[in-house]
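What follows is the residue order along each chain.
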Amino acid sequence: MAKFIVEKSGPLHGTVEISGSKNAVLPILAATLLTEERCIIKDVPGLRDVDVMCDLLTALGATVEKDLYNNRVEVESPGEIHYEAPFDLVKKMRASILVLGALLLRTGRAVIHLPGGCAIGERPIELHLKGLKALGATIDEEQLAKGIVDAKADELHGATIYLDFPSVGATEVIIMAASLAKGTTVLENAAQEPEIVDLANYLNKMGAKIKGAGTDTIKIEGVEKLKSVSHHVIPDRIEAGTFMVCAAITKGDILIKNMVPSHLKAVIAKLRECGVDIETTEDGVRVRGNLNPLVSTDVKTLPYPGFPTDMQSPFMALLTVAKGPSVVIETVFENRFMHVAEFNRMGAGIRTEGKCAIIPGDKQLKGAPVIATDLRAGAAVVLIGLVAEGQTEVSQIYHIDRGYEKFVDKLKALGANITRVDD
Ligand code: EPU
């Protein structure tokens, strides 16, 4: 199994360029199936999850030309496509569910074997299915009880849909399905993440009529057909946030290029509360952790524009060394404190109680063998490893490969002492 060996590093300095967004590109790639014409997607990050989505599109019958050296993927599916997503791909990546709407529209049927819960929570999809039902799909309830989504629809029609929770995935699936449904769909309590806006922009370029993406009410007027398009994916806000924490925790000075500060308002506000200096310049965002002492703050994760759950573990890494105690409340996923056991192995002394973690702070951490329990938790243990005494050995790094392009190269270029050991 591959590992990262991280040694205590001094302050990180230099420039880092943020890659295209994983969570924007996955729905966009799924949406290429909504047209038979060729779609060109640019700024695609070279990630394991992107590989899985490309394999899924291929398995469904699309032709995928992947040139991740140049961060470019072209997809075309002029012929018939299959209605069943292979389980060996779906189990590798939950986001495979994003093809649901396109399969229904193209084939009248969609069959997807659901993987069980994952490390961070149960991750049900009843909201996706509620939306599709409102648009006219029928779901085989007996199959669903066995963990198989078998949806059918001769035609989809517009509807008013209220989401009980602003689920990112449900919002994306419903927008895609409603784009080619007959009539108008109004989606209320929709997710407002920048990735939703990017998907809507992409679909609108294809000819869809979507208004209100980025607010809690999205209106989609169904169109007859979507067409060929070329699209640049937005920068990855969670990768950018991770490098901001990197500058802060190592008391470094990093210029972050290709980052959209307005996508990270909550993270920037919290970093400033901790004493981190953040300045937007013409060249990018300069983050300095070396100007003020690092102090604690409390954090509560929420759907966008609240503090992102995906930044919870990297931010908690910072709080372990900040002066003073902090409380972190995780409200989005029910089991996203797996990294706490790993942090504690390094001396963080964190206690959890349900949705709350209490971080004493001000700890001098010690390197230890730790596990990347999920993608973001993996990045978080690497960040702690940069400031812990001695050596930190991070295993199960395939999680990190899912979502951080060239993580080791980018860290090394900033002066981090990190190596990848491939077994
Ligand atoms: N939920 C339900 N029912 C549903 C759908 C969601 O209860 O039908 C719950 C989930 O169980 C979870 C919460 O709602 O507790 C949020 O789920 P959501 O559907 O919003 O998340 P997602 O679409 O599955 C995306 C990102 C995640 C990110 C979340 C929240 C992608 C591919 N994944 O997941 O990214 O954490 O939104 O922002 O876009 C990551 O990149 O590390 C990652 C996990």
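Our structure's up above, just so we're on the same page.
What you see is a predicted model; the values in this text were computed from it and never measured.

Visitor: When you look at the overall build of the protein chain in this model, what are you seeing that I'm missing?
Guide: Counting its secondary structure elements, the protein chain contains 15 helices and 24 strands. Against the globule reference of 22 Å for 423 residues, the protein chain gives a C-alpha radius of gyration of 21 Å, in line with a compact fold. The dimensions of the protein chain, computed from C-alpha atoms along their principal axes, are 60 × 45 × 40 Å. Residues counted as buried form 55% of the 423 residues belonging to the protein chain. In the protein chain, the share of contacts with a sequence separation of at least 24, taken over all contacts with a separation of at least 6, comes to 74%. Summed over all atoms, the accessible surface of the protein chain reaches about 16400 Å², with 49% contributed by carbon and sulfur. Of the charged side chains in the protein chain, 47 are positive and 55 negative; the average position of the first set lies 3 Å away from that of the second.

Visitor: I keep staring at the environment of Ala62 and nothing clicks. Help me out?
Guide: Along the chain, Ala62 falls in the loop between α2 (48–59) and β4 (63–67). According to the relative accessible area criterion, Ala62 is buried, its value standing at 6%. For the pair Ala62 and Thr352, spaced 290 residues apart in sequence, the C-alpha separation works out to 46 Å. Among all residues touching Ala62, those that are not within four sequence positions of it are Leu33, Leu57, Val75, Glu76 and Ser77.

Visitor: Quick question: what am I supposed to make of the environment of Ala170 here?
Guide: Tracing the backbone through its elements, the reader meets Ala170 in helix α7 (residues 168–179). Overall, the relative accessible area of 0% leaves Ala170 in the buried class. The sequence separation of Ala170 and Tyr404 amounts to 234 residues, and the corresponding C-alpha distance is 24 Å. Leaving out residues up to four positions away in the same chain, Ala170 has contacts with Leu127, His128 and Leu163.

What counts and what doesn't
Residues numbered from 1 in each chain as written. Predicted model: local features only at pLDDT ≥ 70, side-chain atom pairs only at ≥ 80, totals over all residues. Heavy atoms only, no water. Helix = DSSP H or I, 4+ residues; strand = E, 2+ residues; numbered from the N terminus. Rg over C-alpha atoms; globule rule 2.2 N^0.38 Å. Buried < 20%, exposed > 50% of the residue type's maximum accessible area, 1.4 Å probe, protein only. Contact = heavy atoms within 4.5 Å. Areas by Shrake-Rupley, 256 points an atom, 1.4 Å probe, with all protein chains shown as cover. Lys, Arg positive; Asp, Glu negative; His and termini not counted. Charge placed at Lys NZ, Arg CZ, Asp CG, Glu CD.

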